[in-house]
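The lines below spell out each chain.
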Amino acid sequence: MSSSSRGVLIAFFSYAVFAFSDASVKLLHGSIPAYQIAFTGALFGLFALPFIKGPGDSWLDTVRSSNRGLWMLRFFCGATGAITSIIAFTKLSMAEAFCLLFLLPSFVTILSVIFLKEDVRWQRWAAVIIGFIGVLVVLRPGFRELSAGHLAAATGGLVAAISIIVMRKLGSAEKRLSLYGASLLGTLIVSGLLMISDIKVPSLTEWAYLASYGLLAAVASVALMTAARLAPANLVAPPQYSQMLWAIAFGYLIFDDKIDLAMGLGIVLIIFSGLLTLARERRRGTPLPTAVASSDPQAAVATVPEQSTES
């Protein structure tokens with residue numbers, strides 16, 4: 001088996017583990033505040049640091065940056081993304097939460113035009129339009145009530161896209177450890193401060209779900225980083241849509257969620273939109289990292305090319 005094939009298989013594994021991590025959040029059923037879940041998950045995220053650290057890196061690179069302003073923007077995006085994604089998985093079905101989070105590629109396309117001045121042609125705009133049509137089909141505004149969970153999921157997708165744009169803007173000037181550190185420290189500090197006034201002592205079962213959320217996200221990030229080393233990122237990215245299959249399976253087997261025909265059609269449109277965007281970026285050679293939909297805000301850092309860690 002070639003290294004690229006192994007990389008793709010490991011990518012499928014990592015996205016499955018991310019889905020199990022997100023399911024652990026939903027299993028808490030909102031019994032633990034979102035800030036506390038995000039803080040606990042970030043604590044477990046520290047276990048991934050030794051695998052992120054390159055041979056020539058210093059631990060101080062976690063807080064060093066070639067552009068402090070952009071580093072701070074990623075700092076706050078990491079915290080916001082973690083908290084809003086957790087709220088989304090708590091209040092929505094997993095499939096519905098992923099539908100909105102999978103708008104990431106569309107948001108990245110729009111923001112790349114505004115902030116990176118990229119030349120986006122009609123094919124990528126068509127993908128964006130298809131993605132938003134898919135969301136409208138899933139949500140059916142006016143025919144069903146929209147909740148804070150929908151707003152949280154859309155916000156999570158948007159701030160994750162901003163974080164991707166920041167990483168593209170920084171490019172090879174920034175080490176992977178710095179990118180990971182910005183998001184991780186942002187989640188730790190911001191959620192830590194927010195949870196001070198509302199801390200709940202978890203039960204043993206809740207501790208198990210919290211540990212599952214944090215540890216599985218750390219394992220998935222390391223696995224995805226390994227996949228990105230073995231295979232080109234344009235092969236590592238498409239398997240992320242397998243998360244939707246896990247979401248549907250969890251919904252039926254654990255959470256008693258149902259997917260009607262309209263939602264199924266919307267899911268197909270959103271996935272088609274994302275794959276079309278990835279295909280266009282592959283042809284154009286658009287700089288990576290790839291957008292990754294997950295409640296773990298550090299996920300996309302794993303797909304940063306290895307040379308991006310050089311100073």
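Above this text you will find the structure in question.
Since this is a predicted model, take the numbers as computed values, not measurements.

Each value, and the rule that gives it
- Residues numbered from 1 in each chain as written.
- Predicted model: local features only at pLDDT ≥ 70, side-chain atom pairs only at ≥ 80, totals over all residues.
- Heavy atoms only, no water.
- Helix = DSSP H or I, 4+ residues; strand = E, 2+ residues; numbered from the N terminus.
- Buried < 20%, exposed > 50% of the residue type's maximum accessible area, 1.4 Å probe, protein only.
- Contact = heavy atoms within 4.5 Å.
- Axes fitted to C-alpha atoms, helices over the stretch in contact; angles between N-to-C directions.
- Parallel < 35°, antiparallel > 145°, perpendicular 65-115°, else oblique.
- Nonpolar A, V, L, I, M, F, W, Y, C, P; charged D, E, K, R; others polar.
- Core = buried A, V, L, I, M, F, W, Y, C linked by side-chain atoms within 4.5 Å.
- Phe/Tyr/Trp six-rings, centres within 6.5 Å; stacked < 30°, edge-to-face > 60°.
- Patch = residues over 30% accessible without salt bridge, like charges linked within 9 Å, V, L, I, M, F, W, Y side chains within 5 Å.
- Areas by Shrake-Rupley, 256 points an atom, 1.4 Å probe, with all protein chains shown as cover.
- Salt bridge = Lys/Arg side-chain N within 4 Å of Asp/Glu carboxyl O.
- Expected span 1.5 Å × (residues − 1).
- Left-handed = near helix turned anticlockwise from the far one by under 90°.
- Polar contact = N/O pair within 3.5 Å; in protein donor to acceptor, adjacent residues only side chain to side chain.

Peer 1: Just give me the short version of the side chain of Thr-62, but keep the residues and values in it.
Peer 2: Note on placement: Thr-62 falls in the loop between helix H3 (49-52) and helix H4 (68-91). The buried category is assigned to Thr-62, whose relative accessible area is 10%. Every residue in contact with Thr-62, bar those within four places of it in the chain, is listed here: Trp-71, Leu-177, Ser-178, Gly-181, Ala-182 and Leu-185.

Peer 1: Tell me about the packing of helix H5 (residues 94-101) against helix H12 (residues 242-255), and name the residues and values.
Peer 2: For the pair H5 and H12, interaxial distance at closest approach is 8 Å and the crossing angle is 155°. The orientation of H5 relative to H12 falls into the category roughly antiparallel. Taken together, the residues of H12 that come into contact with H5 (itself represented by Met-94, Ala-95, Phe-98 and Cys-99) are Gln-243, Met-244, Ala-247, Ile-248, Phe-250 and Phe-255. When its residues are assigned to classes, the contact of H5 with H12 shows nine nonpolar, one polar and no charged.

Peer 1: An account of the nonpolar core is needed here, citing residue identities and associated values.
Peer 2: Within the largest apolar cluster, 53 residues are counted, with the highest numbers of intra-cluster contacts made by Ile-37, Met-94 and Met-244. Here the element with the most residues in this core is helix H8 (residues 148-170); it accounts for eight residues. Setting aside its immediate chain neighbours within four residues, Met-244 contacts Ala-95, Phe-98, Cys-99, Phe-102, Ile-267 and Ile-271. Grouped together as the second largest cluster of nonpolar side chains are eleven residues, Ile-52, Tyr-180, Leu-188 and Val-222 included.

Peer 1: Before we move on, can you summarise the packing of aromatic side chains with the specific residues and values?
Peer 2: A complete count under the given rule lists ten aromatic pairs for this structure. With a centroid separation of 6.0 Å and an interplanar angle of 70°, the aromatic rings of Phe-107 and Phe-132 are classed as edge-to-face. With Phe-107 in helix H6 (residues 104-115) and Phe-132 in helix H7 (residues 122-139), this residue pair connects regions lying 25 residues apart in the sequence. For Phe-107, a relative accessible area of 14% translates into the label buried.

Peer 1: For a nonpolar patch on the surface, give the residues involved together with the corresponding values.
Peer 2: A grouping of Ile-189, Leu-193 and Ile-196 is seen on the molecular surface, where their side chains present a nonpolar patch of about 320 Å² in accessible area. Along the chain, Ile-189 turns up in helix H9 (residues 176-195).

Peer 1: Mind laying out H12, listing which residues take part and the relevant values?
Peer 2: Counted at 1.5 Å a residue, the expected span for H12 with its 14 residues is 20 Å, and the 19 Å between its end C-alpha atoms agrees. Every buried residue belonging to H12 is among Ser-242, Gln-243, Met-244, Ala-247, Phe-250, Gly-251 and Phe-255, and all of these are buried. Positive backbone phi, approximately 60°, marks Asp-256, located one or two places after H12.

Peer 1: Explain the packing of H4 against H9 to me, and be specific about the residues and the numbers.
Peer 2: Close contact between H4 and H9 brings their axes to 7 Å; oriented N to C, the two are set at 55°. Relative to H9, H4 is oriented oblique. Here H4 and H9 pass one another in a crossing that is right-handed. Together, Trp-71, Arg-74, Phe-75, Phe-76, Gly-78, Ala-79, Ala-82 and Ile-83 of H4 and Ser-178, Leu-179, Gly-181, Ala-182, Ser-183, Leu-185, Gly-186, Thr-187, Ile-189, Val-190, Ser-191 and Leu-194 of H9 make up the contact between the two elements. Tallied by class, residues from the contact of H4 with H9 come to twelve nonpolar, seven polar and one charged.

Peer 1: Outline the pattern of salt bridges, listing residues and values.
Peer 2: By the definition in use, this model includes eight salt bridges. Between Arg-124 and Glu-118 there is a salt bridge, with the nearest N and O atoms lying 3.4 Å from each other. In this structure, Asp-119 engages Arg-121 in a salt bridge whose closest nitrogen and oxygen atoms are separated by 3.8 Å. For Arg-121, a relative accessible area of 54% puts it in the exposed group.

Peer 1: Quick rundown of the side chain of Ser-21? Include the residues and the values.
Peer 2: Mapped onto the fold, Ser-21 is located in helix H1 (residues 3-27). The class for Ser-21 is buried, based on a relative accessible area of 1%. Residue contacts for Ser-21: discarding those within four places in its chain leaves Tyr-213, Leu-216 and Ala-217.

Peer 1: Go over H8 with me, naming the residues and quoting the values.
Peer 2: Between the first and last C-alpha of H8 there are 33 Å, a value that for 23 residues agrees with the 33 Å anticipated at 1.5 Å per step. Where H8 begins, one side-chain oxygen reaches toward the backbone nitrogen of Gly-149, 3.2 Å away; that side chain belongs to Ser-147. Among the residues trailing H8, Gly-171 stands out with phi positive, at a value near 60°.

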